[in-house]
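# Summary of the model geometry
Listed below, chain by chain, are the residues.
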Amino acid sequence: MFDDDSQYCYFNPYTFETSDQYFLVGVVLGLAIYNSIILDVALPPFAFRKLLASAPAPLSGAATAIHQRSTMTYTLDELAEYRPRLARGLRQLLEYDGDVQSDFCLDFVIDVDKYGDRVRVPLCPGGESRAVTNGNRREYVDLYVRY
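Read on for an overview of the structure. Predicted model only: the values in this text are computed from it and were never measured.

### What to know about the layout of surface pockets
Taken as a whole, the largest pocket spans an internal volume of roughly 1400 Å³. Lining the largest pocket are 43 residues, with Tyr10, Phe11, Asn12, Phe46 and Tyr82 positioned closest to its centre. Taken together, the elements giving at least two residues each to the lining of the largest pocket come down to strand E1 (2-3), helix H1 (19-34), helix H2 (45-53), helix H4 (76-82), strand E3 (109-114) and helix H7 (137-146). Here the element with the most residues in the lining of the largest pocket is H1; it accounts for 9 residues. Its residues placed into classes, the lining of the largest pocket shows 30 nonpolar, 5 polar and 8 charged.

### Considering the state of the cysteines
Under the definition given, this model contains 0 disulfides. Note on Cys105: no disulfide assigned, nearest cysteine sulfur contributed by Cys124 at a separation of 18 Å. Judged by relative accessible area, which is 63%, Cys105 ranks as exposed.

### Quick notes on the pattern of salt bridges
Side-chain pairing between opposite charges can occur once the charged atoms of the two side chains come close. According to the stated counting rule, one finds 9 salt bridges in the structure shown. In this structure, the salt-bridge partner of Arg85 is Asp5, at a minimum N-O distance of 2.7 Å. A residue pair is termed long-range when its members are at least 10 positions apart, and Arg85 in helix H5 (residues 84-95) and Asp5 in the loop between E1 and strand E2 (8-9) qualify at 80 residues. Among the residues examined, Arg85 registers a relative accessible area of 54% and is labelled exposed. Residue classification places Asp5 among the partly exposed residues on the basis of a relative accessible area of 36%.

### Details of unusual backbone geometry
Among all residues except glycine, the phi angle is most often negative; among peptide bonds, the trans geometry is most common. Notably, Gln7 is not glycine yet its phi reads approximately 65°, a positive angle. Assessed through its relative accessible area of 47%, Gln7 is described here as partly exposed. One non-glycine residue, Cys105, lies in positive phi territory at about 50°. Its location among the elements puts Cys105 in the loop between helix H6 (100-104) and E3.

### Digging into the packing of aromatic side chains
Summed over all chains, the structure comprises 5 aromatic pairs. Between Tyr10 and Phe46, the ring centres sit 5.2 Å apart and the planes meet at 40°, which makes this aromatic pair tilted. Note that Tyr10 is positioned in the loop between E2 and H1 and Phe46 in helix H2, a separation of 36 residues in sequence. Plain terms: the ring middles of Phe108 and Tyr140 are 5.5 Å apart, the flat faces sit at 90° to each other, and that makes the pair edge-to-face.

### Section: the nonpolar core
Leu76, Leu79, Leu90, Ile110, Tyr140, Val141 and Tyr144 are the most contacted members of the largest nonpolar core, which has 20 residues in total. Going through the elements one at a time, H4, H5, E3 and H7 are the ones with two or more residues in this core. For this core, the leading source of residues is H5, giving 5 residues. If near-sequence neighbours (up to four positions away) are discounted, Tyr140 is found in contact with Leu90, Leu93, Leu106, Asp107, Phe108, Val109, Ile110, Leu123 and Val132.

Parameters at a glance
Residues numbered from 1 in each chain as written. Predicted model: local features only at pLDDT ≥ 70, side-chain atom pairs only at ≥ 80, totals over all residues. Heavy atoms only, no water. 1 Å grid on protein atoms, 1.4 Å probe; cavity = no way out; pocket = protein on both sides within 12 Å on 5 of 7 lines; lining within 4 Å. Points joined across faces, edges and corners; volume = space filled by probe spheres on them. Helix = DSSP H or I, 4+ residues; strand = E, 2+ residues; numbered from the N terminus. Nonpolar A, V, L, I, M, F, W, Y, C, P; charged D, E, K, R; others polar. Disulfide = S-S within 2.5 Å. Buried < 20%, exposed > 50% of the residue type's maximum accessible area, 1.4 Å probe, protein only. Salt bridge = Lys/Arg side-chain N within 4 Å of Asp/Glu carboxyl O. Phe/Tyr/Trp six-rings, centres within 6.5 Å; stacked < 30°, edge-to-face > 60°. Core = buried A, V, L, I, M, F, W, Y, C linked by side-chain atoms within 4.5 Å. Contact = heavy atoms within 4.5 Å.

Right under this line is the structure:
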């Protein structure tokens, strides 16, 4: 998927490709990096941090002390790298002074594009019946960012 605002690409979670094809793309990218080949692939910086966080654990020995495996945290800043307009809207929701529930009429569900159709995806169990309020809007934003 390509975002016009950030000019970055990211992986489409709804695709017809198999996981083997994603593995093949990963192998090609890994070979290019290993051989110092420059590829014009515009992935957001958090994608590389995510790859590092999911890398296999290093073998025991001296290399373990040097290479600490990082844990991936998901913040609004990471979302802003790829989808700045969406992140700006979520920040405005957090800073809104009025009544979030009556003014925005949101629930813990987001609309995503799946094969050309709009599909509602709950952010948590029972999200369809849970309204976003002033008290739980931080949780909504955190779940949205995590999604």
